[in-house]
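An overview of the molecular structure
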Amino acid sequence: MTWKIPLFKIYWDEEDVKRVSDAIKAGMNWAVGPNIEKFEKMIAEYIGAKYCAVFNSGTSALHAALLAHEIKQGDEVIVPSFTFIATANAPLFVGAKPVFADIEEETYGLDSEDVKEKITEKTKAIIPIHYGGCPCKITELREIADDHNLILIEDAAESLGARVGDKKVGTFGDSTMLSFCQNKIITTGDGGAIITDSREIYEKLKLIRSHGRLETSDYFSSTEYMDYITLGYNFRMSNIVAALGIAQLKKIDKIIEMRRKNTKYLTERLKQEIKEIITPNSPKDYYHVYQMYTIRVDNRDKLMKHLADSGIMTKVYFSPVHLTHFYKNELGYACKLPVTEETSNQVLTLPMYPTLTNEEIDYIVEEMKKFFEVIR
Ligand SMILES: Cc1ncc(COP(=O)(O)O)c(C=O)c1O
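First things first, this report covers the structure right here in the doc.

How each quantity is defined
Residues numbered from 1 in each chain as written. Predicted model: local features only at pLDDT ≥ 70, side-chain atom pairs only at ≥ 80, totals over all residues. Heavy atoms only, no water. Buried < 20%, exposed > 50% of the residue type's maximum accessible area, 1.4 Å probe, protein only. Helix = DSSP H or I, 4+ residues; strand = E, 2+ residues; numbered from the N terminus. Arc of directions from axis to C-beta. Contact = heavy atoms within 4.5 Å. Salt bridge = Lys/Arg side-chain N within 4 Å of Asp/Glu carboxyl O. Near = heavy atom within 4 Å. Polar contact = N/O pair within 3.5 Å; in protein donor to acceptor, adjacent residues only side chain to side chain. Areas by Shrake-Rupley, 256 points an atom, 1.4 Å probe, with all protein chains shown as cover. Nonpolar A, V, L, I, M, F, W, Y, C, P; charged D, E, K, R; others polar. Core = buried A, V, L, I, M, F, W, Y, C linked by side-chain atoms within 4.5 Å. Pairing = 2+ DSSP bridges. Phe/Tyr/Trp six-rings, centres within 6.5 Å; stacked < 30°, edge-to-face > 60°. Lys NZ or Arg CZ within 6 Å of the ring centre and 35° of its normal.

This part covers helix α12 (residues 338-346). Taken together, the buried positions of α12 are occupied by T340, T343, S344 and Q346. When α12 is viewed along its axis, its buried side chains cluster within an angular range of 165° and face the same direction. With respect to the buried face of α12, the exposed residues turned more than 90 degrees away are P338 and N345. Next to the buried residues of α12 lie β12 (293-297), α10 (300-309) and β13 (347-350).

Applying the stated criterion across every chain, the model contains 30 salt bridges. Ionic pairing is found between K251 and D13, a salt bridge with its closest N-O pair at 3.0 Å. On the criterion of sequence distance, the pair formed by K251 in the loop between α8 (239-249) and α9 (252-273) and D13 in the segment before α1 (14-25) is long-range, its members being 238 residues apart. Salt-bridge contacts for K137 lead to E106; the nearest nitrogen and oxygen are separated by 2.9 Å. Taken together, the residues span a long stretch of sequence, with K137 in the loop between β4 (123-126) and α6 (138-147) and E106 in the loop between β3 (97-101) and α5 (112-118) at a distance of 31 residues. Classification of K137 by relative accessible area gives buried; the value is 17%. Of the residues examined, E106 reaches a relative accessible area of 44% and is grouped as partly exposed. By sharing partners, the salt bridges in this structure join R269, E273, D362, E366 and K369 into a single network.

Among the 15 residues in the neighbourhood of the ligand, the closest are listed as T59, D155, E158, S179 and K184. Contact between the ligand and G58: an oxygen atom at 2.8 Å from a main-chain N or O atom of the residue. One of the side-chain nitrogen or oxygen atoms of D155 is found 2.7 Å away from a nitrogen atom of the ligand. Starting from 390 Å² of accessible surface for the ligand in isolation, the protein chains cover 91%. Broken down by secondary-structure element, the contributors of at least two residues to the shell around the ligand are α3 (58-68), α4 (85-93) and β8 (175-179). Residues that form the shell around the ligand fall into these classes: five nonpolar, seven polar and three charged.

A separate point is the nonpolar core. Formed by 33 residues in total, the largest nonpolar core has its most connected members in F55, L66, I71, F100 and L205. Here this core takes six residues from α3, the largest share from any one element. With residues near it in sequence (within four places) discarded, L66 still touches I71, A90, P91, V94, I127 and I153. Membership of the second largest hydrophobic core comes to 28 residues, among which are A49, L160, A162 and A242.

Moving on to the pairing of strand β1 (residues 51-55). Of all five residues in β1, five are buried; the element is thus mostly enclosed. Covered by surrounding structure in β1 are Y51, A53 and F55 together with C52 and V54, the residues of both alternating faces. As defined by bridge partners, β1 adjoins strand β9 (residues 192-196) across five bridges and the pair is classed as antiparallel. Bridge pairing links C52 to I195 in β9.

It is worth spelling out the packing of aromatic side chains at this point. According to the stated counting rule, one finds 16 aromatic pairs in the structure shown. Centre to centre, the rings of Y317 and F318 are 5.3 Å apart; their planes meet at 70°, and the pair counts as edge-to-face. Look at Y317 and you get buried, because its relative accessible area is 16%. The class for F318 is buried, based on a relative accessible area of 6%. An aromatic cluster of at least three residues, connected via ring pairs, comprises F82, Y108, Y131, Y317 and F318. The positively charged end of K167 is found above the aromatic ring belonging to F172, 4.8 Å away from the centroid. The ring centre of Y219 lies 3.5 Å from the NZ or CZ of R213, which sits over that ring.

The subject of this paragraph is unusual backbone geometry. In this structure, F318 follows Y317 across a cis peptide bond, with omega equal to 10°. Assignment of secondary structure puts F318 in the loop between α10 and α11 (325-330). Positive phi is not limited to glycine here, since E70 has a value of about 60°. Turning to its location among the elements, E70 is positioned in the loop between α3 and β2 (76-80). Of note, the phi angle at H211 is positive, near 65°, even though the residue is not glycine. With respect to the secondary-structure elements, H211 resides in the loop between α7 (199-209) and α8. The class for H211 is partly exposed, based on a relative accessible area of 33%.

Below you can see the structure in the form of structure tokens.
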């Protein structure tokens with residue numbers, strides 16, 4: 001379907017095209033090549049972490065992180081249900097059990113009090129997400145992890161560049177996952193990364209992502225025998241994709257600035273015109289990067305339909321994972337998460353992207369006004 005205003009548009013420029021075409025024109029090193037290490041160094045430096053390993057998706061990156069941290073059968077991992085399903089699936093990939101905790105309503109991140117309730121002697125890790133570009137209450141979660149000797153893996157798929165004070169997301173966890181899927185802050189189409197300060201985890205990640213092979217140099221252009229020392233996968237990002245990542249990361253500050261500017265205008269207009277909705281907010285000292293612009297509203301489904309009829313795409317991020325067919329019927333989950341369930345019934349993500357114009361924002365607001373004038 002073609003929308004008058006889609007939910008997101010990718011921000012790209014001629015440098016993206018040039019770097020990708022240069023990588024192609026090299027005529028070799030399409031799988032493994034120098035762009036990968038360069039992109040990894042740039043990400044680590046941008047976040048302020050020691051190591052970064054890139055992957056072919058955020059999901060495979062998270063899978064690899066759980067393997068590297070040796071999370072396995074018999075372990076429990078505390079996750080939100082108010083997330084994209086991959087966060088909850090990651091423990092299942094390694095035979096561990098996802099245990100859902102509820103969220104708090106300020107950031108839509110994991111609620112520390114409920115996390116504490118869910119800790120058992122089997123708990124090995126916590127995987128909070130930073131929802132839609134807003135850091136969760138990550139310092140509290142770090143404290144809980146330290147107090148209970150748990151691994152903290154940040155799912156920062158949606159929040160590259162967000163920070164608490166001066167500290168960027170990605171610097172709180174033992175490892176952090178990023179996604180470069182097409183609706184994220186920067187994108188390589190699909191792609192992901194793990195950031196960590198642990199040399200040991202970084203080395204394990206490199207083995208896991210490439211067949212468990214001890215790569216002493218570029219496998220494809222070396223005659224050297226390289227041994228296979230553990231079970232591994234092919235979770236590699238290609239050198240062509242990494243070229244795009246480099247060009248995208250160079251623009252990240254501009255991209256975030258444009259998103260924040262559009263958000264400011266949209267929030268001002270909505271606050272002025274429509275009393276029935278709650279606009280997004282974040283705690284003091286939190287730097288929100290607005291990968292998503294999510295409002296809360298009663299009559300959400302009717303508003304969504306009205307906007308769709310006007311050519312404006314909106315979406316529900318997220319419907320609870322514990323209520324999906326797979327978790328409820330196949331895995332037999334029957335937990336109650338009241339805040340998650342209530343929030344999921346009210347949230348609506350509106351279009352938000354760097355090149356969204358004030359005229360487009362005005363159109364969204366006018367259409368929303370029309371809807372509320374009728375139902376008032
Ligand atoms: C919170 C969250 N976790 C995990 C993922 C999975 O990332 P990817 O789509 O790169 O596999 C996404 C992105 O869709 C996400 O939003």
